[in-house]
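The chain contents come next:
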Amino acid sequence: MNSKERLVFWNTLCSLPGKDLESERKLLLGAIKYPRFLYRYRPVNTRNLDALRTNKLYFSSANYYDDPFDTFLHIDIDKIRDAIFAAVKDPAILEAVVESIKSYLKDKLSKKQLDQLSVDNAKNVLSADTIDKFLNYMLASREDLKKNTWSICFSENGCNESLWLKYADCHKGFVLIYDLENKDNFLCGKQEKCSECGIQIYGTPVYPVYYSNIPYDATNYAKQLIIQKAMQQLGISIVPQNYYSSGPLFWERERITLIKKQCHKYDEEWRMLLCCNMNPPIMMEWIPSGIILGLHMKKEEENLVVCMAKEAGIKNIYKAYIDKKSKLKHFPL
């Protein structure tokens, strides 16, 4: 997908209200132009060789990404602080906020709990000290969000020189090729052990990454988390809105994790997202349609990787080279 096509995808994602998830998913998928192949760049090490041999792909949590602004919760703290202080100072605003919260939670709380949601209690909770604690909690929640956001990264370009350098050990590693049209190679959900797996139940959608130097404003998402924290301060325990049920927060995690700064646009990245809570290590199984051996891979490592690839059932094995026009290409072995 080119930049304009990724922008169409991003605008579609940001327009989804989270009310009719089935139709919204169809609308979002309709805005994506999937490539035939996705590529995954890997260095040669024990973990990657074992994953190659067993056709496993491991999900990584966002707090391990090399870019600290990847899956970053951008929050306008001043905007939130001003809104809270305005509500505290104006009884009419505070009462309207309390009534709005009560209306939102009326089916989730008992009468006793709803009675606790009073203007006086809200004033006590929303002291300057408590507000600062809430805001600090929101800043700290950035890391919590990263720790609980899992994905597998791909590129739509198998000859990306930058990615060969960054993620395939300076051309000494390899690239796995995944064919999106070959459903037989996708092993998840086809084995007895898959019946209770969250990946089988919720799926693993693959989306393009959008590139922009204008960050996604997650302030409204942060406000919802602050409300939940405030309820806890009032001694009211509520179950936070399920990420997998409909509602205004449903698409927030996708919006937060599928946008990166413009400096990364040449990665041409795609991400497979985990849509459920699972205990690590988290992996799925998918047979690559091919593998590309790095230009600088040593002969003994090349032989080892080829052996592992054949054991995994990978049919197409290629070797990278530089053609007469100084372009990075690969030929079949």
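Just so it is clear, the model here is predicted, and its values are computed rather than measured. (Residues numbered from 1 in each chain as written. Predicted model: local features only at pLDDT ≥ 70, side-chain atom pairs only at ≥ 80, totals over all residues. Heavy atoms only, no water.)

**Topic: the overall build of the chain**
- Along the backbone of the chain there are 13 helices and 13 strands.
- Among the 333 residues that make up the chain, the fraction classed as buried is 47%.
- Considering only contacts within the chain whose residues lie at least 6 apart along the sequence, 81% involve residues at least 24 apart.
- Approximately 17,700 Å² of the chain is accessible, and the part contributed by carbon and sulfur atoms is 52%. (Helix = DSSP H or I, 4+ residues; strand = E, 2+ residues; numbered from the N terminus. Buried < 20%, exposed > 50% of the residue type's maximum accessible area, 1.4 Å probe, protein only. Contact = heavy atoms within 4.5 Å. Areas by Shrake-Rupley, 256 points an atom, 1.4 Å probe, with all protein chains shown as cover.)

**Considering the pattern of salt bridges**
- One pass over the full model with this rule turns up 17 salt bridges.
- The partner of Arg53 in a salt bridge is Glu311, and the shortest N-O contact between them spans 3.6 Å. Highlighted residues: Arg53 in helix H3 (residues 46-54) and Glu311 in helix H13 (residues 299-312), separated in sequence by 258 residues.
- Here Arg53 falls in the partly exposed class, since its relative accessible area comes to 30%. (Salt bridge = Lys/Arg side-chain N within 4 Å of Asp/Glu carboxyl O.)

**Concerning H13**
- Look at H13: 20 Å from first C-alpha to last across 14 residues, which is about the 20 Å you get at 1.5 Å a residue.
- Along H13, the residues that are buried comprise Glu302, Val305, Val306, Met308, Ala309 and Ala312. The buried residues of H13 occupy an angular sector of 165° when projected down its axis, which confines them to one face. Exposed residues lying more than 90 degrees from the buried face of H13 are Lys299, Glu300 and Lys310.
- Along its buried surface, H13 packs onto H3, strand E5 (174-179), strand E11 (290-293) and strand E12 (316-322).
- Where H13 ends, the next residue or the one after it, Gly313, has phi of about 90°, a positive value. (Expected span 1.5 Å × (residues − 1). Arc of directions from axis to C-beta.)

**Looking at the pairing of strand E9 (residues 269-273)**
- In terms of burial, E9 is a largely internal element, 5 of the 5 residues being buried.
- Because side chains alternate across E9, one face comprises the buried residues Glu269, Arg271 and Leu273, and the other comprises Trp270 and Met272, equally buried.
- Judged from the 5 bridges that link them, strand E4 (residues 150-155) and E9 form a sheet pairing that is antiparallel. When the sheet's bridge partners are listed, Phe154 is paired in E9 with Trp270. (Pairing = 2+ DSSP bridges.)

**Section: the pairing of E4**
- In terms of burial, E4 is a largely internal element, 5 of the 6 residues being buried.
- Pairing of strand E3 (residues 60-61) with E4 involves 2 bridges; the strand directions are antiparallel. Paired with Ser60 across the strands is Ser151, a residue of E4.

**A short note on the packing of H3 against H13**
- Contact pair H3 / H13: the axes reach a minimum separation of 7 Å and the direction vectors enclose 30°. Between H3 and H13, the angle is such that the two are roughly parallel. Touching Leu49, Leu52 and Arg53 of H3 are Leu304, Val305, Met308, Ala309, Glu311 and Ala312, all from H13.
- Of the residues belonging to the contact of H3 with H13, the class tally is 7 nonpolar, no polar and 2 charged. (Axes fitted to C-alpha atoms, helices over the stretch in contact; angles between N-to-C directions. Parallel < 35°, antiparallel > 145°, perpendicular 65-115°, else oblique. Nonpolar A, V, L, I, M, F, W, Y, C, P; charged D, E, K, R; others polar.)

**A look at the nonpolar core**
- Leu52, Phe59, Phe154, Met284 and Ile291 are the most contacted members of the largest nonpolar core, which totals 62 residues.
- For this core, the element with the highest residue contribution is H13, accounting for 5 residues.
- Membership of the second largest hydrophobic core comes to 10 residues, among which are Val175, Ile177, Ala320 and Leu328. (Core = buried A, V, L, I, M, F, W, Y, C linked by side-chain atoms within 4.5 Å.)

**Side note on unusual backbone geometry**
- Following Pro280, the chain continues into Pro281 via a peptide bond in cis, with omega recorded as 0°.
- By secondary structure assignment, the location of Pro281 is in the loop between E9 and strand E10 (283-285).
- Positive phi, close to 55°, is recorded for Asp169, a residue that is not glycine.
- Mapping Asp169 onto the fold places it in the loop between helix H9 (161-167) and E5.

**Examining helix H2 (residues 21-30)**
- Taken together, the buried positions of H2 are Leu21, Glu24 and Leu28. Relative to the axis of H2, the buried residues are bounded by an arc of 60° and lie together on one face. For H2, the exposed residues lying more than 90 degrees away from the buried face are Glu22, Lys26 and Gly30.

**Section: the packing of aromatic side chains**
- Under the criterion given, the structure shown has 12 aromatic pairs.
- Ring centres 5.3 Å apart and planes at 35° place the aromatic pair Tyr34 and Trp270 in the tilted group. Within this pair, whereas Tyr34 is found in the loop between H2 and strand E1 (37-42), its partner Trp270 is found in strand E9, the two being separated by 236 residues in sequence.
- The exposure class assigned to Tyr34 is partly exposed, which follows from its relative accessible area of 36%.
- Connected via pairs of aromatic rings, a cluster forms that spans Phe154, Tyr178, Phe186 and Trp286. (Phe/Tyr/Trp six-rings, centres within 6.5 Å; stacked < 30°, edge-to-face > 60°.)

**Things to note about the state of the cysteines**
- This model, assessed by the stated rule, comprises 0 disulfides.
- Cys194 supplies the cysteine sulfur nearest to Cys197, a cysteine that is in no disulfide, at a spacing of 6.2 Å.
- The thiol sulfur of Cys275 is not disulfide-bonded, and the nearest other cysteine sulfur, from Cys276, lies at 7.3 Å.
- Given the relative accessible area of 12%, Cys275 is considered buried. (Disulfide = S-S within 2.5 Å.)

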